[in-house]
Amino acid sequence: MQFLHTMLRVGNLERSLAFYQEVLGMRLLRRQDYPEGRFTLAFVGYGDETDHTVLELTHNWDTDSYELGNAFGHIAIGVEDAYQACEAVRAKGGKVVREAGPMKHGTTVIAFVEDPDGYKIEFIQKGSL
Ligand SMILES: C[C@@H](O)C(=O)SC[C@H](NC(=O)CC[C@H](N)C(=O)O)C(=O)NCC(=O)O
Ligand code: NI
């Protein structure tokens, strides 16, 4: 088996594509409109789907926002330096919601940023796991 993607429903696809590409440095891998279903799927990630787990951004054309609820946690991205990664996000207009530092009750160095829909994205400093 292979872990292929995580699907997130987004309210504004262009806004999300700008964030994941310009703020987080991902690449748009493929995009497909489904006019009969009135939705678009856009896959973004750091490499091809053959050997990278990616994000599937789902835009339902008639829905511009979602109740995120309190069950979903986050997606996690490995970074060389969580402190620098947060500065880079801020410099590009992104929102850091938890500054870099050791996790509570542990030693892993983490940080959290939010995407345009409010989904949490964790930075995990490589080598600190
Ligand atoms: C290891 C890394 O991938 C994590 O996600 S640990 C982050 C840590 N998680 C929790 O505390 C889980 C339990 C919590 N009650 C929950 O349900 O979210 C976390 O979020 N720490 C917060 C912090 O500021 O360190
Ligand atoms: Ni995590």
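Residues numbered from 1 in each chain as written. Chains lettered and ligands numbered in written order. Predicted model: local features only at pLDDT ≥ 70, side-chain atom pairs only at ≥ 80, totals over all residues.

- As annotated in an unreviewed UniProt entry, the protein is Lactoylglutathione lyase from Aquitalea palustris.
- Under the heading Sequence similarities (unreviewed entry), UniProt records this for the protein: "Belongs to the glyoxalase I family."
- Taken from UniProt, the Catalytic activity (unreviewed entry) comment for the protein reads in full: "(R)-S-lactoylglutathione = methylglyoxal + glutathione". (UniProt positions renumbered as here; feature names shortened; annotations may be inferred.)

**Focus on the site of ligand 1**
Then step 1. Taken together, Gly-73, Ala-76, Arg-98, Met-103, Lys-104, Thr-108, Ile-110, Glu-122 and Ile-124 make up all the residues around ligand 1.
Then step 2. Of the residues contributing to the shell around ligand 1, the split by class is 4 nonpolar, 2 polar and 3 charged. (Near = placed C-beta within 6 Å. Nonpolar A, V, L, I, M, F, W, Y, C, P; charged D, E, K, R; others polar.)

**Description of the UniProt feature "binding site: Zn(2+)" (unreviewed entry) in the protein**
Then step 1. Mapped onto this numbering, the UniProt entry gives "binding site: Zn(2+)" (unreviewed entry) at Glu-56, His-74 and Glu-122.
Then step 2. Topologically, Glu-56 is positioned in strand S4 (residues 54-60).
Then step 3. Discounting chain neighbours no more than four positions away, the residues touching Glu-56 are His-5, Met-7, Leu-41 and Phe-43.
Then step 4. Here Glu-122 shows up in strand S8 (residues 120-125).
Then step 5. Apart from the residues lying within four places of it in its own chain, the contact partners of Glu-122 are His-74, Ala-76, Ile-110 and Phe-112. (Helix = DSSP H or I, 4+ residues; strand = E, 2+ residues; numbered from the N terminus. Contact = placed C-beta atoms within 7 Å.)

**Description of the domain arrangement of the protein**
Then step 1. If you check the domain split of the protein, you get domain 1 (5-60) and domain 2 (75-125).
Then step 2. If you average the C-alpha positions of domain 1 and of domain 2, the two centres end up 20 Å apart.
Then step 3. Looking at the side of domain 1 that touches domain 2, the elements that each hand over two or more residues are strand S1 (5-9) and helix H1 (13-23).
Then step 4. Top contributing element to the side of domain 1 that touches domain 2 by residue count: H1, with 5 residues. (Domains from an automatic or database assignment.)

**A closer look at unusual backbone geometry**
Then step 1. Although it is not a glycine, Arg-38 sits at a positive phi angle of roughly 55°.
Then step 2. Assignment of secondary structure puts Arg-38 in the loop between strand S2 (27-34) and strand S3 (39-45).
Then step 3. Look at Arg-38 and you get exposed, because 12 C-beta atoms sit within 10 Å.
Then step 4. Of note, His-105 is a non-glycine position whose phi angle comes to about 65°, a positive value.
Then step 5. Classification of His-105 by C-beta neighbours within 10 Å gives exposed; the count is 5. (Buried ≥ 20, exposed ≤ 12 C-beta atoms within 10 Å, placed from the backbone.)

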